[in-house]
Amino acid sequence: MRLRTAGLAILRLPSKQPMVVKSNKKVMVLLISNNRPYDPFLITLTPTSKLATNWAVETMDGLQSTIAILSETEGAGSVKVCVKKGQCHSPKWSMLLSDKQWVWSNFPVGTMQSHVTVEGDARMAVYAYGGSIRNGYGIAGVCSEDTLPPPPPTDPCEQVKCRVKERCVKGECVHVSTATCRAVGDPHYLTFDGRRYDFQGTCTYIMTAVAKTASDLLPFTVTTTNNHRGNRRVSYVRTVTVSVHEQTIIIGSQRGQVQVNGELQYLPLSLLDGKVSVKQSGIYAVLTTDFGLTVKNDWNMRLYITVPSSYYQHLGGLCGNYNGDRSDDLPEPKGSSLSAVLKMIQKWKTDTSDLFCNDNCAGHCPTCSKEQQAHFSRPNLCGILTKSNGPFSACHNKVDPSTYLENCVYDVCVTKGAKQVLCDNLKSYADACQSEEVKIDPNWRMVTKCSMLMYKLDYGNTNYRSLKIC
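Being a predicted model, the structure only gives us computed values, none of them experimental.

A word on helix H3 (residues 402–414)
- With 13 residues, H3 should reach 18 Å at 1.5 Å per residue; the first-to-last C-alpha distance of 18 Å fits that figure.
- In terms of burial, H3 is largely enclosed, as 11 of its 13 residues are buried.
- Along H3, the residues classified as buried are Thr403, Tyr404, Leu405, Asn407, Cys408, Val409, Tyr410, Asp411, Val412, Cys413 and Val414.
- Residues of H3 that are buried sit in contact with strand S14 (178–184), strand S15 (188–190), strand S16 (196–198), helix H2 (370–376) and helix H4 (419–435).
- Just beyond H3, the residue with positive phi is lysine 416, at close to 60°.

And the structure:
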């Protein structure tokens, strides 16, 4: 008979009359047997596409069990039924009258629970069935052929080529480290590659930007505008502008607020579903992006820019080219009377700079005599940073204080002993220690008289000449 549509068909099978079911569609064939004189059973028949040469089947304890085998005629003579190890027998075959390609056999195995194997050179299907009064069961065998293990999953990183200082994770390149550039004090610069230099220009400069584009690197630019504060010979970071994801965020003088595309907004804020976020953390405004850029500014005199190593060898600006070589951050100019610092600064000055700004301290860059340096290096002033038993000593092994000492001495000196400048420099080292998870003695504020109350009261005072230390 033929089935014209999908659905269920129930066919009665006359006793000892074989039936062949063929289909060009996916079908499932079940056999319901009355299993006389025992209880009936239901069994799923194995399609010819899944015939195999090695099978295993479990019989049930206490039930009279029989192994039923349907085999291709060719190779059937090699088939062995093994009830116990070493006890194997050849089944007696009966021919299918309707199709001589197939033979079948019922092989009784008794009432004990057994692990029966059926092996040979012929392709076959194996079943076990049996029962007792008010009991019956039927079960299909399990193919036990030696099959090749499934191939290991394809490594998603196998065909992925990452750039220097990246590694592949789940098919995507991710950065393996970060680098930080900073501008602190009046200001002192430290490039991504670790080159230190100072300059007191008051124009607008590109701190860092993508100088070598790549299709998988998101572009961004960080610029700063510096200004004078009481002393025309020194300057400090006044505003920080970050351009990223077609957004312009300016960290200016309004503490707790930033400008976003020209509109002043309170922190915290999130842009473009979290691609850019800005929050206040302690004294800092912290801008982060979805690709790992972090910009920290304290609305006063400290700027830290951290970039992921994916941008290695792709940046330019006052923070250097980030190529691992600090020496070429300030290449010596050839055929020019300009200093290396001034030459680089002018290269990264923007067209939006104030017409009345200058790059070189108005021609009178400040100096500090040896006597002044020695004075401000005393242990009760900047020298407290390197004091072996001082409040910062626990951090010396993690953060080298020598650079911070030099910056402190210079800043306090050129501002003629400004108390807040001293406190700002000590706070910079304390922040660096905190970033390295080093706990320092909180009494440093009491020892240096840099109390939090004084710090808050004087934070907005940009005329450092009015705050003196001895």
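As for the packing of aromatic side chains
- Enumeration according to the criterion identifies 11 aromatic pairs in this entry.
- Ring centres 6.0 Å apart and planes at 35° place the aromatic pair phenylalanine 220 and phenylalanine 291 in the tilted group. Of this pair, phenylalanine 220 sits in strand S18 (residues 220–227) while phenylalanine 291 sits in the loop between strand S25 (284–289) and strand S26 (294–297), and the two are 71 residues apart along the sequence.
- Their ring planes at 70° and their centres at 5.1 Å tell us that tyrosine 404 and tyrosine 429 sit as a pair that is edge-to-face. Of the two residues, tyrosine 404 is situated in helix H3 and tyrosine 429 in helix H4; the sequence distance between them amounts to 25 residues.
- For tyrosine 404, a relative accessible area of 9% puts it in the buried group.
- Ring pairs connect the aromatic residues Phe392, Tyr404, Tyr429 and Trp444, which therefore count as one cluster.
- Its end group placed over the ring of tyrosine 284, lysine 296 keeps NZ or CZ at 4.6 Å from the ring centre.

What to know about the state of the cysteines
- In the structure shown here, the tally under the stated rule is 8 disulfides.
- Paired by a disulfide, cysteine 82 and cysteine 88 hold their sulfur atoms 1.9 Å apart. Because the torsion about its S-S bond is 110°, the bridge between cysteine 82 and cysteine 88 counts as right-handed.
- Residue cysteine 88 is classed as partly exposed on the basis of its relative accessible area, which comes to 37%.
- Here cysteine 181 pairs with cysteine 319 through a disulfide, and the sulfurs are 2.0 Å apart. Residues cysteine 181 and cysteine 319 are joined through a disulfide that is left-handed, its torsion about the S-S bond being -75°. Highlighted residues: cysteine 181 in strand S14 and cysteine 319 in the loop between strand S28 (315–316) and helix H1 (340–347), separated in sequence by 138 residues.
- By relative accessible area, which is 1% here, cysteine 181 ends up buried.

Thresholds applied
- Each chain carries its own residue numbering, running from 1 in the written order of its sequence.
- Reporting of local features is limited, given that this is a predicted model, to residues whose pLDDT is at least 70; pairs of side-chain atoms are given and counted only at 80 or more, and all residues count toward the totals for whole chains, interfaces and linings.
- Think of the side-chain values as coming from all heavy atoms in the structure, minus any hydrogens and water.
- Helix and strand definitions here come from DSSP, where helices need a minimum of 4 consecutive H or I residues and strands a minimum of 2 consecutive E residues; each element is numbered from the N-terminal end.
- Each helix should span, by expectation, one fewer than its residue count multiplied by 1.5 Å.
- Between buried and exposed lies partly exposed: a residue is buried under 20% and exposed over 50% of the maximum accessible area for its type, with that area taken using a 1.4 Å probe on protein chains only.
- By definition, residues are in contact when any of their heavy atoms lie within 4.5 Å.
- Centre distance within 6.5 Å is the pairing criterion for rings of Phe, Tyr and Trp, where only the six-membered ring of Trp is used; planes under 30 degrees apart are then read as stacked, over 60 as edge-to-face, and the remainder as tilted.
- Two thresholds decide whether a charge sits over a ring: the Lys NZ or Arg CZ must be within 6 Å of the ring centre and within 35 degrees of the ring normal.
- Cysteine sulfur atoms are paired as a disulfide whenever they come within 2.5 Å of each other.

In short, the description is geometric, and any link to function would need to be established separately.
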